[in-house]
Amino acid sequence: MLVWHDVERLEPAQFAAYEEGVLRRAMAGETVLGFVRLARCALIGAFEDPGRALRLSYVGDRFPIVRRQTGGGSLSLDPDTLIAVLALPAGRHASAEPATLMSALCAPLLAAVRGLGVDAVFMAPNDIVTAGRKVASAFLTRSRGVILFEAAVPLALDVEELLKTLRLPLEKLSEKGILAARQRFAPLRTFVPHLAAAALGARIAVAMAEALALPARQESPPAPDPGKTVVDGRKSSPDIAAFLKTPGGVLYLDAWLDAKSVVREARLTGAVACLDPALFSRLEASLVSRHVTQLEPALAEALGDARPDTIGVETADIVYLGHLCAARFLVGRELGLGPATQISTFSPDRNESMDAILASIDAVLLPYCAKPTWCKWRHRDGCPECGRCAVGDAYTLARGRQLAVTTITNFEHLRAVLADLGKSGKRAFLGVCCTDFFLKRDYAFVEAGIPAVFLDIAGDTCYTLRQEEEAYAGRFEAQAYMDARLLERVLDWRDRLTTGQSAAPEASGPSSGLLPSAS
Ligand code: SF4
Ligand code: SF4
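In what follows, the accompanying structure is described. (Residues numbered from 1 in each chain as written. Chains lettered and ligands numbered in written order. Predicted model: local features only at pLDDT ≥ 70, side-chain atom pairs only at ≥ 80, totals over all residues. Heavy atoms only, no water.)

Given a rise of 1.5 Å per residue, 17 residues ought to cover 24 Å, and the 24 Å separating the end C-alpha atoms of helix α4 (residues 98-114) matches this to within 8%. The principal kink in α4, of about 30°, is found at Ala-107, preceding the proline Pro-108 by one to four residues. (Helix = DSSP H or I, 4+ residues; strand = E, 2+ residues; numbered from the N terminus. Expected span 1.5 Å × (residues − 1). Bend = angle between axes of the 7 residues up to and from the residue.)

Okay, structure coming up:
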């Protein structure tokens, strides 16, 4: 029997208790499907870091942040979104492959949407889309012998609120930007103007019962539990952190270290789907008391041979994240800095070491946004090195080493330059760009397949100012800060590697003199 109910309104702070109530009934053998509409809130995934997922400066005290038990991305919610919460005894699905389970449970949701005349399809890993626009998202976890499947189906959507709430690299909040973002979503009232949430819920219940081959019975909604589970978004900054984009989402590893660089606390987060709710906390615990340079083997040991219960995230991804975190620490040590959180390596096959990539650098790519807004070279490749900005210093450093140096003026230019680097046999490059750009447009680098070392830029970026569309077209009008002293230290390290010097006299002492010493 599939027992279903419709809780028309639920306070966000009551959601966790509601979810747990449904789950406990399934632990006792029932299959329960509930529908809720939450008052305005941010509903974050089980493994999300609110500081990375949300624009906390906007969320403030405007509305609460609540966490669901299922993984995946965060949502900006209001009562116009129908949330379906299905809990069923895992039974024969206890060891089903996560991606298969997700598509199987999305099938009845898709059938209900298609029954409204919407030509929608399932799009892996977890969306229902029509003509490329998102209609619904689904999330999954499997614990205590129960499968918990949740889906968010917006009937109407306030895209401006969504853009302000979620800290995604999205278009700026201009009319054009909001219009572009609207094109990514297809709330159901776009197709069925007077669709009522209760009617949609009833359709989903029928389709779900049919898919599970169970008779359906509607029940009165349970009395709301006056729970008060709200997430506190604040957390101190980690001593070292790294990120990795995987097909299942971006995964982050943060670590807090003691004076001997031994991990005191570790945190794995991301908008990723992991059906084992305890996996990340087990992995975090396995890192405590390990030296930061041992993160990679520690994760490999903790994961063992068993495939993680994740969608789009493999064991090798998680282990490699440990490698990246340790590499940042070692780079910082080599350069005489604290952990080098501004430096990342990109190895297309994940098999080149930082040293090998550095030693192979024969090109430098710089972003136009680090040139002053008044410079006539800002939107052009090249620089006469007038001495008035860090980009000029970078040109001097690169040209002094006979490295090809290019100012990237827009996204298409980047792709053309990367293609040329490949054709001309360049082995690796040093690239300067903001992390958000790398996360959103990493496919350009993946396509080019050239190893790289990236230096992050600071200050106003077009993501903090929400001007990324302008930036890709080369029209970003604020100046980002590029640390030319750090770039010099990285290039000095490259020189030492290429000339076979192992000592690093400049690592903790003054720089070579072209630029002031890094402090
Ligand atoms: S150094 Fe180059 S980029 Fe910087 S202000 Fe001078 S000409 Fe412009
Ligand atoms: S996305 Fe914007 S801030 Fe980031 S590197 Fe490109 S132009 Fe600069």
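Picking up where we left off.
Contacts to ligand 1 come from Lys-371, Pro-372, Trp-374, Cys-375, Trp-377, Cys-383, Pro-384, Cys-386, Gly-387, Cys-389 and Gly-392. The residue makeup of the shell around ligand 1, split by class, is eight nonpolar, two polar and one charged. (Near = heavy atom within 4 Å. Nonpolar A, V, L, I, M, F, W, Y, C, P; charged D, E, K, R; others polar.)

As a further point, take unusual backbone geometry. A negative phi angle is the norm for most residues apart from glycine, just as the trans form is the norm for most peptide bonds. Residue Pro-125 is reached from Ala-124 by a cis peptide bond, and omega for that bond is 5°. Secondary-structure assignment places Pro-125 in the loop between β7 (121-123) and β8 (127-130).

This part is about the packing of aromatic side chains. On inspection of all chains with the given rule, the structure shows 14 aromatic pairs. Three or more aromatic residues joined by ring pairs form one cluster here, namely Phe-243, Tyr-252, Phe-346, Phe-411, Phe-429, Phe-437, Phe-438, Tyr-443, Phe-445 and Phe-454. Arg-441 extends its terminal NZ or CZ atom over the ring of Phe-411, reaching a point 4.7 Å from the ring centre. (Phe/Tyr/Trp six-rings, centres within 6.5 Å; stacked < 30°, edge-to-face > 60°. Lys NZ or Arg CZ within 6 Å of the ring centre and 35° of its normal.)

With that settled, consider the sheet that holds strand β17 (residues 343-346). If you trace the five strands from one edge of the open sheet to the other, you get β17-β21-β20-β18-β19, paired in mixed fashion. Across the chains shown, the open sheet's two edge strands, defined by having one partner strand only, are β17 and β19 (404-408). On average, adjacent strands in this sheet sit at an angle of 20° to one another, irrespective of strand direction. Across the sheet, helix α12 (residues 390-399) touches β18 (361-367) and β19, and the angle it forms with β19 is around 155°. (Pairing = 2+ DSSP bridges. Axes fitted to C-alpha atoms, helices over the stretch in contact; angles between N-to-C directions. Contact = heavy atoms within 4.5 Å.)

The sheet built from eight strands is open, its strands ordered β7-β8-β9-β10-β6-β2-β1-β11 with mixed pairing. The open sheet has two edge strands with one neighbour each: β7 and β11 (216-218). Each adjacent strand pair in this sheet contributes to an overall mean axis angle of 25°, direction not counted. Pairing of β7 with β8, which is carried by three bridges, proceeds in the antiparallel orientation. Across the sheet, residue Phe-122 finds its bridge partner in β8, namely Ile-128. Contacts between α4 and the sheet are confined to β6 (81-89), β7, β8, β9 (133-143) and β10 (146-154), with β9 contributing the most and set at about 135° to the helix. Docked against the sheet, helix α7 (residues 197-212) engages β1 (2-10), β2 (31-38), β6, β10 and β11, running at close to 160° with respect to β2.

Right, let's get into the nonpolar core. Counting 59 residues, the largest nonpolar core has Leu-366, Phe-429 and Met-482 as the members making the most contacts within it. Looking at this core, you find at least three residues from each of domain 2 (236-339) and domain 3 (342-519). When sequence neighbours within four positions are dropped, the list of residues in contact with Met-482 reads Leu-366, Ala-370, Ala-390, Val-391, Ala-394, Val-432 and Ile-457. Membership of the second largest hydrophobic core comes to 43 residues, among which are Leu-82, Leu-101, Ala-120 and Ala-151. (Core = buried A, V, L, I, M, F, W, Y, C linked by side-chain atoms within 4.5 Å. Buried < 20%, exposed > 50% of the residue type's maximum accessible area, 1.4 Å probe, protein only. Domains from an automatic or database assignment.)

Here we take up the packing of α12 against helix α16 (residues 484-498). When two helices pack together, their arrangement is given by the angle between their axes and by how far apart the axes lie. Axis separation between α12 and α16 bottoms out at 9 Å; the angle between their running directions is 15°. Overall, the two elements α12 and α16 adopt an arrangement that is roughly parallel. For the pair α12 and α16, the sense of crossing is right-handed. Contacts between α12 and α16 involve Ala-390, Asp-393, Ala-394, Leu-397 and Ala-398 from the former and Ala-484, Leu-487, Glu-488 and Leu-491 from the latter. Looking at the contact of α12 with α16 residue by residue, the class counts come to seven nonpolar, no polar and two charged. (Parallel < 35°, antiparallel > 145°, perpendicular 65-115°, else oblique. Left-handed = near helix turned anticlockwise from the far one by under 90°.)

It is worth spelling out the pairing of β6 at this point. The element β6 is extensively covered by neighbouring structure, given that eight of its nine residues are classed as buried. Relative to β6, β2 runs antiparallel, the two sharing five bridges. By the bridge assignment, Phe-35 is partnered in β6 with Ala-84. Bridge count for β6 against β10 is nine bridges, and the pairing is antiparallel. From the neighbouring strand, Leu-86 faces β10, where its bridge partner is Phe-149.

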